[in-house]
Amino acid sequence: KKKKITPEKFTKIDASQFCRYLEFERNLRANTFNKYVNVLDFLFDYLVEDELISKSPFAFIKRKKKDSVSVSAFKEHDVQLLKPILKEKDMTLYLSCMITMYAFIRPGELRQIRLKDINLETNLIYVDKSISKNKKSQHVSIVSPLRDILVEYIGSLNEPDFFVLSKNGRPGTVPISSKYIGSKHRQIALANNFDPSLFKPYSWKHTGNSLAYMKGVSIRFLKLQNRHHAESMTEIYIKS
């Protein structure tokens, strides 16, 4: 039977046991394991600040070596350079990068988004739990720059079941493959002197978060737009 304890009584032994559960029962990869530990360590630090405990129990947990090099965010001048290049070379890739940057929808989720999920009247995009990484149905906002892009892209097309992204550069009946965006993005990165091991499709999500934060967008909005469970995750995400 599981026993409930208050955070103040949660010890480093409890933290160690929980991390063994993450490692051996959940079989989490190093990056995900570290995110769990970092968020919990961050939250327990609030108790330290309030002098309820002397040290976070997760401060004693050794982080794992990352599986791979983290992606890098593009600088603002890089974004201005790449946007017209992407649009000219591959409209599908361009749309994917722009939606990822402005709406923070993950590339793996985005390939399953249909026109019916995009509401230009309410300025919301619906992400169903069947395609969402966190298995929850949620909405994200269509910010002004993205709305202009979507209006131009969709035009007067009225086919709700069409996938937003298809190989022909416009909405279609067949979604792109799971490897399409990664492969095309690598080609563009190499052609424009960006290291493809650092600058990947997911870089646009980091880019959107960092640029928005630097321009004064609130943590609360970024948390909702990222569909994070807690603002502490968003803060760690921005710092990383």
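Our structure is the block above this text.
Residues numbered from 1 in each chain as written. Predicted model: local features only at pLDDT ≥ 70, side-chain atom pairs only at ≥ 80, totals over all residues. Heavy atoms only, no water.

On to the pairing of strand S2 (residues 124-127). Alternating positions in S2 separate cleanly, Ile 125 and Val 127 being buried on one face and Leu 124 and Tyr 126 remaining unburied on the opposite face. The pairing of strand S1 (residues 118-119) with S2 spans two bridges and is classified as antiparallel. Bridge pairing in S2 places Asn 119 opposite Leu 124. Two successive antiparallel strands, S1 and S2, enclose a turn made up of four residues, where Asn 123 displays a positive phi of approximately 60 degrees. Examined bridge by bridge, S2 and strand S3 (residues 138-141) share four bridges and lie antiparallel to one another. Each bridged residue has a counterpart across the sheet, and for Ile 125 the counterpart in S3 is Val 140. (Buried < 20%, exposed > 50% of the residue type's maximum accessible area, 1.4 Å probe, protein only. Helix = DSSP H or I, 4+ residues; strand = E, 2+ residues; numbered from the N terminus. Pairing = 2+ DSSP bridges.)

Let's shift gears to the sheet that holds S1. Spatial strand order, S1-S2-S3: three strands in an open sheet with antiparallel pairing. Of all strands in the sheet, those with a lone pairing partner are S1 and S3, marking the two edges.

It helps to recall that an α-helix has 3.6 residues per turn; residues three or four apart then point in one direction. Across its 14 residues, helix H1 (residues 12-25) extends 19 Å between first and last C-alpha, which sits within 8% of the 20 Å expected from 1.5 Å per residue. Of all the positions in H1, only Ala 15, Cys 19 and Leu 22 are classed as buried. The buried residues of H1 occupy an angular sector of 55 degrees when the element is viewed end-on, so they sit on one face. Across from the buried face of H1, at angles greater than 90 degrees, the exposed residues are Ile 13, Phe 24 and Glu 25. Buried positions along H1 lie against helix H2 (30-49). Just downstream of H1, Asn 27 is the residue with a positive phi angle, here 55 degrees. (Expected span 1.5 Å × (residues − 1). Arc of directions from axis to C-beta. Contact = heavy atoms within 4.5 Å.)

A rise of 1.5 Å per residue sets the reference length of helix H3 (residues 76-89), with its 14 residues, at 20 Å; its end C-alpha atoms lie 20 Å apart and thus fit the reference within 8%. Along its length, H3 shows its largest kink, about 30 degrees, at Leu 82, and proline Pro 84 lies within four residues downstream of that point. Three or more residues of H3 are buried, namely Asp 78, Val 79, Leu 82, Lys 83, Ile 85 and Leu 86. Summarising the contacts, the buried residues of H3 are in contact with helix H4 (91-103), helix H7 (180-191) and helix H8 (203-214). (Bend = angle between axes of the 7 residues up to and from the residue.)

One recurring pattern in soluble globular proteins: nonpolar side chains tend to sit buried together. Counting residues in hydrophobic clusters, the biggest one holds 39 residues, and the most contacted among them are Ile 99 and Trp 204. Excluding residues that lie within four positions of it along the chain, Ile 99 makes contacts with Phe 104, Ile 105, Leu 110, Leu 146, Leu 150 and Val 164. Ala 15, Val 37, Phe 58 and Ile 61 belong to the second largest nonpolar core, which has eleven residues in total. (Core = buried A, V, L, I, M, F, W, Y, C linked by side-chain atoms within 4.5 Å.)

What follows is about the packing of H3 against H4. Interaxial distance between H3 and H4 falls to 6 Å at its minimum, and their mutual angle equals 140 degrees. The angle between the axes of H3 and H4 places the two elements in the oblique class. Contact residues: Val 79, Lys 83, Leu 86, Lys 87 and Lys 89 in H3; Met 91, Leu 93, Tyr 94, Cys 97, Met 98, Met 101 and Tyr 102 in H4. Looking at the contact of H3 with H4 residue by residue, the classes come out as nine nonpolar, no polar and three charged. (Axes fitted to C-alpha atoms, helices over the stretch in contact; angles between N-to-C directions. Parallel < 35°, antiparallel > 145°, perpendicular 65-115°, else oblique. Nonpolar A, V, L, I, M, F, W, Y, C, P; charged D, E, K, R; others polar.)

Glancing now at the environment of Glu 23. Looking at the secondary structure, you find Glu 23 in helix H1. Taking the C-alpha atoms as reference, Glu 23 lies 42 Å from Thr 122; in sequence the two are 99 residues apart. In this structure, Glu 23 is in contact with Leu 28, Phe 33 and Lys 64, ignoring residues within four places of it in sequence.

Turning next to the side chain of Ser 96. With respect to the helices and strands, the residue Ser 96 is situated in helix H4. Judged by its relative accessible area of 3%, Ser 96 falls in the buried class.

Our focus in this paragraph is the packing of aromatic side chains. Geometrically, a pair of aromatic rings is defined through the distance of the ring centres and the angle of the planes. In this structure the tally under the stated criterion is ten aromatic pairs. Here Phe 18 and Phe 58 contribute two aromatic rings whose centre-to-centre distance is 6.5 Å and whose plane-to-plane angle is 90 degrees, an arrangement assigned as edge-to-face. Note that Phe 18 is positioned in helix H1 and Phe 58 in the loop between H2 and H3, a separation of 40 residues in sequence. The class of Phe 18 is partly exposed, set by a relative accessible area of 28%. The interplanar angle of 85 degrees and the centroid separation of 5.3 Å between the aromatic rings of Phe 74 and Phe 194 together place this pair among those described as edge-to-face. Separated by 120 residues along the polypeptide, Phe 74 in the loop between H2 and H3 and Phe 194 in the loop between H7 and H8 bring together distant segments of the chain. The burial state of Phe 74 is the same as that of Phe 194; both residues are buried. Aromatic ring contacts, followed pair by pair, group Phe 10, Phe 18, Tyr 21, Phe 44 and Phe 58 into a single cluster. (Phe/Tyr/Trp six-rings, centres within 6.5 Å; stacked < 30°, edge-to-face > 60°.)

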